[in-house]
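Descriptive structure summary
Residue strings, one per chain:
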Amino acid sequence: EVLGKDWNPLDLKFKTEKQYHDDLVKILNSDTVREIRISKDNNPFEMEDEIYALEEPENNIHIAKDKLTLSQIGSSMNICVGSYGNYCENGNCRIIYFIENNQPVACLELQRRGKTEDKKDYKYALTQAKLRGNELVGYNHNMHSKVVAWCERHNVEIDTPDMLLREEEKAVEAELMHF
């Protein structure tokens, strides 16, 4: 049973949005996951060749290539990326993850944004950047620096508030308070 023996629907009415999210993450991460490789062999949208150039195994930066990997990242980091299998399989997004001490520590969602000027390769935008428990990458200066450097090396556009440094976020909030 997906929800477990002790699940009570009455528990839902007193939960915050984050609690709902965390409960769903637990459910998704506890499911038995089929290992379906997300590659050009069985993906109708094909895993574009240029995506592999974004991997940097020497720097412990990898691309999730299957649903099992997504589930393992989600479970380890307590985030919902384990539910992104169909999006990745259909070519709607790609997941990049950073490893430290044999554990995923940052998870990035990329989306295609057209093609390069020569029309040979896709361009990508970073649309989410999460740490464990959905903490924003921007809240960790060290990881923020690594992600920014990676984006610069691969011409990935940063298009997410997840990369705002905490100081920048506070400045934006303060500015909005004056309206």
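Analysis parameters
- Residues numbered from 1 in each chain as written.
- Predicted model: local features only at pLDDT ≥ 70, side-chain atom pairs only at ≥ 80, totals over all residues.
- Heavy atoms only, no water.
- Core = buried A, V, L, I, M, F, W, Y, C linked by side-chain atoms within 4.5 Å.
- Buried < 20%, exposed > 50% of the residue type's maximum accessible area, 1.4 Å probe, protein only.
- Helix = DSSP H or I, 4+ residues; strand = E, 2+ residues; numbered from the N terminus.
- Pairing = 2+ DSSP bridges.
- Expected span 1.5 Å × (residues − 1).
- Arc of directions from axis to C-beta.
- Contact = heavy atoms within 4.5 Å.

1. A short note on the nonpolar core
Grouped together as the largest cluster of nonpolar side chains are 21 residues, with contacts concentrated most on Ile-96, Phe-98, Leu-110, Leu-126, Val-147 and Trp-150. At 5 residues, the largest contribution of residues to this core is made by helix α4 (residues 141-153). Counting 13 residues, the second-largest nonpolar core is a separate cluster that includes Ile-73, Tyr-84, Cys-93 and Tyr-97.

2. Digging into the pairing of strand β2 (residues 94-100)
Of all 7 residues in β2, 6 are buried; the element is thus mostly enclosed. Judged from the 3 bridges that link them, strand β1 (residues 61-63) and β2 form a sheet pairing that is antiparallel. Along β2, the bridge assignment pairs Ile-61 with Phe-98. With 7 bridges connecting them, β2 and strand β3 (residues 103-115) associate as antiparallel partners. Within β3, the position partnered with Phe-98 by the bridge is Ala-106.

3. Describing α4
Compared with an ideal rise of 1.5 Å per residue, which puts 13 residues at 18 Å, α4 spans 18 Å between its outermost C-alpha atoms and is within 8% of the ideal. Burial in α4 covers these residues: Met-143, His-144, Val-147, Val-148, Trp-150 and Cys-151. Buried residues along α4 cover an arc of 160° about the axis, so they all sit on one side. As for α4, its buried residues are in contact with β1, β2, β3, β4 (122-130) and β5 (157-158).

Read these as layout, nothing more, since geometry by itself doesn't imply function.
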